[in-house]
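Listed below, chain by chain, are the residues.
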Amino acid sequence: MKITLRKTLDSDTKPRLLTLLNLIANNEIRTHLLYSELIKRHACHVGRDQHLLSCFHTALTEDKDHYQCIEHCIELIQGPEAPTKTRNKHYPSTQLKSSFSKLLKSLYLSEASSVQAYSEICTMTLEKDYRLFDLAYRNMHENIVHLDAVEEALNTHCQHPLTH
Ligand SMILES: [Fe+2]
């Protein structure tokens, strides 16, 4: 999705907004990779549950789309002369070998962090930048659905869902 932003964000808002957008970009690429790994390597859990598999496939695609939109927003806000931020597009392989429940917990925390950051962006942009507000609002709701699916998976497949 191609987006354009209004240039009405004041200079006090921009640094916080960029911090949140960078946090979200890192989360979205991480969750995209985690869904991919969970579908590939944990078919014994995910593959047997058709509802979960379908939710994870949707989340995999949506989080990639979120990531690309957020990167585009960052570029627009920073301007063309700003250095491009290099992002780790590969989840650490040691962590990918973690157990199914550890990957799910990590996924849960990243999705929850994104939802919180999108919520803050909605508050900041309400009545100031409707395009960014709409994008943050839509992505937040899609991630709430992802979060629900991950929570359900944790409750179904893990003994101690959200404890360490
Ligand atoms: Fe997500």
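Structure shown above.
Just so you know, these numbers come straight off a predicted model, no measurement behind them.

Caption draft 1: Structural context of the overall build of the protein chain. Regarding its fold elements, the protein chain presents 6 helices and 0 strands. Along the protein chain, from the amino end to the carboxyl end, the secondary structure elements read α-α-α-α-α-α. The buried share of the protein chain, taken over its 164 residues, is 31%. Intrachain contacts of the protein chain at a sequence separation of at least 6 include 80% that bridge at least 24 residues.

Caption draft 2: The arrangement of the packing of helix H3 (residues 50–78) against helix H6 (residues 130–157) in detail. Relative orientation of the contacting elements H3 and H6 amounts to 150 degrees, with a least axis distance of 10 Å. As far as their axial angle goes, H6 and H3 are roughly antiparallel. Once H3 is placed against H6, the crossing between them reads as left-handed. Where H3 approaches H6, its residues Leu 52, Cys 55, Phe 56, Ala 59, Glu 62, His 66, Cys 69 and Cys 73 are matched on the opposing element by Leu 132, Leu 135, Asn 139, Glu 142, His 146, Ala 149 and Ala 153.

Caption draft 3: Examining the nonpolar core more closely. Counting residues in hydrophobic clusters, the biggest one holds 34 residues, and the most contacted among them are Leu 21, Ile 24, Phe 56, Ile 70, Tyr 118, Ile 121 and Ala 149. Secondary structure elements with two or more residues in this core: helix H1 (13–41), H3, helix H5 (100–125) and H6. In terms of residues, this core owes the most to one element, H1, which gives 10 residues. Excluding its chain neighbours within four sequence positions, the residues that come into contact with Ala 149 are Leu 52, Cys 55, Phe 56 and Ala 59.

Caption draft 4: Looking closely at the packing of H5 against H6. Relative to each other, H5 and H6 sit at 155 degrees, their axes nearing to 8 Å. In this view, H5 runs roughly antiparallel relative to H6, as classed from their interaxial angle. H5 and H6 meet at a crossing whose hand is left-handed. Of the residues assigned to the contact of H5 with H6, the class counts are 19 nonpolar, 7 polar and 2 charged.

Caption draft 5: Here's a closer look at H5. Compared with the 38 Å implied by 1.5 Å per residue over 26 residues, the 37 Å span of H5 between its first and last C-alpha is a close match. Remark: Glu 127 follows H5 within two positions and exhibits a positive phi of approximately 65 degrees.

Caption draft 6: Molecular detail of the environment of Leu 109. Looking at where Leu 109 falls in the secondary structure, it is placed in helix H5. For Leu 109, a count of 15 C-beta atoms within 10 Å puts it in the partly exposed group. Counting along the chain gives 82 residues from Leu 109 to Asn 27, while the straight-line C-alpha distance between them is 9.3 Å.

Caption draft 7: Structural view of unusual backbone geometry. Within the chain, Glu 127 stands out as a residue other than glycine whose phi angle is a positive 65 degrees. Here Glu 127 shows up in the loop between H5 and H6. Its 7 C-beta neighbours within 10 Å are what place Glu 127 among the exposed residues.

Caption draft 8: Highlighting the environment of His 32. Structurally, the position occupied by His 32 is in helix H1. Spatially, the C-alpha atom of His 32 lies 9.3 Å from that of Leu 107, the residues being 75 residues apart in sequence.

About the criteria used
- Residues numbered from 1 in each chain as written.
- Predicted model: local features only at pLDDT ≥ 70, side-chain atom pairs only at ≥ 80, totals over all residues.
- Helix = DSSP H or I, 4+ residues; strand = E, 2+ residues; numbered from the N terminus.
- Buried ≥ 20, exposed ≤ 12 C-beta atoms within 10 Å, placed from the backbone.
- Contact = placed C-beta atoms within 7 Å.
- Axes fitted to C-alpha atoms, helices over the stretch in contact; angles between N-to-C directions.
- Parallel < 35°, antiparallel > 145°, perpendicular 65-115°, else oblique.
- Left-handed = near helix turned anticlockwise from the far one by under 90°.
- Core = buried A, V, L, I, M, F, W, Y, C linked by C-beta atoms within 7 Å.
- Nonpolar A, V, L, I, M, F, W, Y, C, P; charged D, E, K, R; others polar.
- Expected span 1.5 Å × (residues − 1).

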